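# A structural walkthrough
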Amino acid sequence: MCNCLGETQGKIKQRDMMTEKESATDKIIADAMATPSPAKSMGDPGITPLSPSHIQQNDTDSNAHTGPSFIVVVAIDFGTTSSGYAYAFTKEPECIHTMRRWEGGDPGVSNQKTPTTILLTPDRKFHSFGYAARDFYHDLDPTESKHWLYLEKFKMKLHTTANLSIDTELHAANGKRVKAIDIFAYALAFFKEQALKELSDQAGAEFDNADIRWVITVPAIWKMPAKQFMREAAYKAGLVPRDIPEQLIIALEPEAASIYCRKLRLHQMIDIGTKTNQNGFSPTENVGAGMTQAKEHVRSKRQSRTFLVENVIGELWSELEEGDRYVVVDCGGGTVDLTVHQIRLPEGHLKELYKASGGPYGSIGIDYEFEKLLCKIFGPDFIDQFKIKRPAAWVDLMIAFESRKRAAAPDRTNPLNINLPFSFIDYYKKFRGHSVEHALRKSNVDFVKWSSQGMLRMNPDAMNALFKPTIDHIIQHLTDLFEKPEVSDIKFLFLVGGFAESPLLQQAVQNMLQGRSRIIIPHDVGLTILKGAVLFGLDPSVIKVRRSPLTYGVGVLNRYVEGKHPPDKMLVKDGTRWCTDVFDTFITCDQSVALGETVKRSYTPAKPSQQVIVIHIYCSEKERVGFISEPGVRKCGTLRLDVTGTESTVVRREIQTLMQFGDTEIRAMAVDVATSRTVKASIDFLSQ
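The chain appears in an unreviewed UniProt entry as Heat shock 70 kDa protein 12A from Salmo salar. Quoted straight from UniProt, the Subunit (unreviewed entry) entry for the chain says "Interacts with SORL1 (via cytosolic C-terminus); this interaction affects SORL1 internalization and subcellular localization." Listed under Function (unreviewed entry) in UniProt, the entry text for the chain is "Adapter protein for SORL1, but not SORT1. Delays SORL1 internalization and affects SORL1 subcellular localization."

Right, here's the structure in full:
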């Protein structure tokens, strides 16, 4: 988390403060570090805020994104399966430039972005990223390739790791382990180099990184440790200096898509929720045909790589009225992310109506189903061995599957052929002593046959069956979401992200909605988040209200009240009875929080000589929490107040802390009340 410094000292001094007498009457600071809780709970038994609980104030002046002005905004869409960057100059915000065409690419697959694949040399140095990494690795001799470290689809590790930390590791294709922070930093450094080179070429002189505001996209359902991890990787990559945290903005993927979708014009989208013709075709007749024509339209317009975003909001805007609601469903490689927004006119600001939701239901789920199918046919022991012994051939096989996966459609009748690499056929014969064809006959797997040309022939039903578990998850989640009272009267459902191109998914969403709202799919659907992230970087205040995904607070001591507090929570100190482990709530789950809104607390060091105040932060998915020892409450972060350099003669120093919850990250600011000096405040979610 960034070490955001406090606001102007004058402002903080003017705020309503409790007097020393008032704070001493109601609450005191017990020496938390020295007195263990008799309740044997997991918490800080003795932290007691000097300020009253639940003070919230809307402090619109403390927008965390103010700071140096930047010449250009560069957004990096760091995806599970593919990644890319785009940029816009602040003087020309209506022109969004996408990255140069990537070298390499697959037949029939758009290469506007590059695969999220990375290759390290045998001595663990960065070699290449994207198509270049994949192609180089593919061309290595098998005896050589096993020494190189090749990684793909590694982004999901940040979502699935329960105790994510700076030391979290990833597994390369050859089974070797490598630190995740190094891999993410290498990837971000690669994009920094590419973007700076392109900007320098365009400017005709070396472009200074200090003139760039960077934006990195992450799923909205990611928890705070994963967001902080991306920030730490950006610091390590040299994207921004640690002491200028505002130079980097973490953008939430469905929010970025939402920002862009408001500006769509009719020729930039496909409407599959109505019978109306768009661009000369009727999408309801054939759910996949619209996307095919859209791709051709995009290819024919791709020379400039510059998207003009209208200053006047697009034709879609004319159909929106004050208070209209829409859902953005971001279907990516790893996750599906849903956000519900309400429009505020005339400026077009957005208000989040329901906390971000979703899950690990991205398109890589189909890859896992294919792998399970291969395990069923050839045996999990063989597949595990093949992946380790012939890693480049395994990559080849999955590339072949990827291109056929994109051809799956509801109305398809002819089989899909998937090339099996020669080394797969050869290695299987050595491993089992019989042929691949024999394995297929013996497995009794329906709808998958062997072609004498060295291919697996998959009946369309077999391919569609691989999609079913993932699509079922998405549809179930959408169904549950639409039952929430906050998600009623939805005017539009925007389907974005690479997986949104799938006709099977489009049809499933259409069947589920049954005309309740219009389904809009932007052209260049895979770039929607990227373009929206640039717009977000140009104006981070466009989303005015967000919902808190969790309840956050700290453990404190309160005066013990007979009959209200449990006896086992009672602590007697200096003749006074205290209740330990009380959950002092900062913000509750699904609570609306305005941008710039802060929660204020005051703390004091337990000892005059204390240099650092460390306060543990707890969170829960429950709205109401009484004690930090309750089930479902966990320690999730640490608030650190560094009071060195703010020494004063005051016997009892008061450190006033402001925490911002209305942004994509939680920020902390603090000031020493007696001296009006800024106190270094940081929140760490990674060192738990």
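Now that the structure is up, let's keep going.
A few words on the overall build of the chain. A tally of regular secondary structure across the chain gives 17 helices and 33 strands. Looking at the 688 residues of the chain, the share that counts as buried comes to 57%. Considering only contacts within the chain whose residues lie at least 6 apart along the sequence, 73% involve residues at least 24 apart. In the form shown here, the chain has an accessible surface area of approximately 28200 Å², with 50% of it arising from carbon and sulfur atoms.

Here we come to the sheet that holds strand β17 (residues 349-359). What links the strands of a sheet is backbone hydrogen bonding, and the strands pair in either a parallel or an antiparallel sense. With mixed pairing, 8 strands are arranged side by side in an open sheet as β13-β22-β21-β15-β16-β17-β23-β27. Looking at which strands have only one partner, the edges of the open sheet turn out to be β13 (269-271) and β27 (592-594). The mean angle between the axes of side-by-side strands here comes to 25 degrees, regardless of whether they run parallel or antiparallel. Two elements, β17 and strand β23 (residues 543-547), share 2 bridges in a ladder whose sense is parallel. When the sheet's bridge partners are listed, L350 is paired in β23 with I543.

We now examine the nonpolar core. Ranked by internal contacts, the top residues of the largest apolar core, which has 154 residues, are F184, F370, F378, L493 and F494. Each residue touching L493, except ones within four places of it in the same chain, is listed here: V327, V329, L478, F482, V509, L513, S517, R518, I519 and I520. With 32 residues, the next largest nonpolar core counts Y560, C579, M659 and A681 among its residues.

Turning to the environment of R404, a few remarks are in order. Position of R404 relative to the elements: it lies in helix α12 (residues 391-405). It is 7.3 Å that separates the C-alpha atoms of R404 and N417, two residues lying 13 residues apart in sequence. If we ignore the near neighbours within four places in the chain, the residues touching R404 are R412, L416, N417, I418 and M463.

Regarding helix α3 (residues 131-139), the residues found buried are Y131, A133, R134 and Y137. The arc that holds the buried residues of α3, viewed along the axis, is 165 degrees, so those residues lie on one side.

Cut-offs applied
Residues numbered from 1 in each chain as written. Predicted model: local features only at pLDDT ≥ 70, side-chain atom pairs only at ≥ 80, totals over all residues. Heavy atoms only, no water. UniProt positions renumbered as here; feature names shortened; annotations may be inferred. Helix = DSSP H or I, 4+ residues; strand = E, 2+ residues; numbered from the N terminus. Buried < 20%, exposed > 50% of the residue type's maximum accessible area, 1.4 Å probe, protein only. Contact = heavy atoms within 4.5 Å. Areas by Shrake-Rupley, 256 points an atom, 1.4 Å probe, with all protein chains shown as cover. Pairing = 2+ DSSP bridges. Axes fitted to C-alpha atoms, helices over the stretch in contact; angles between N-to-C directions. Core = buried A, V, L, I, M, F, W, Y, C linked by side-chain atoms within 4.5 Å. Arc of directions from axis to C-beta.

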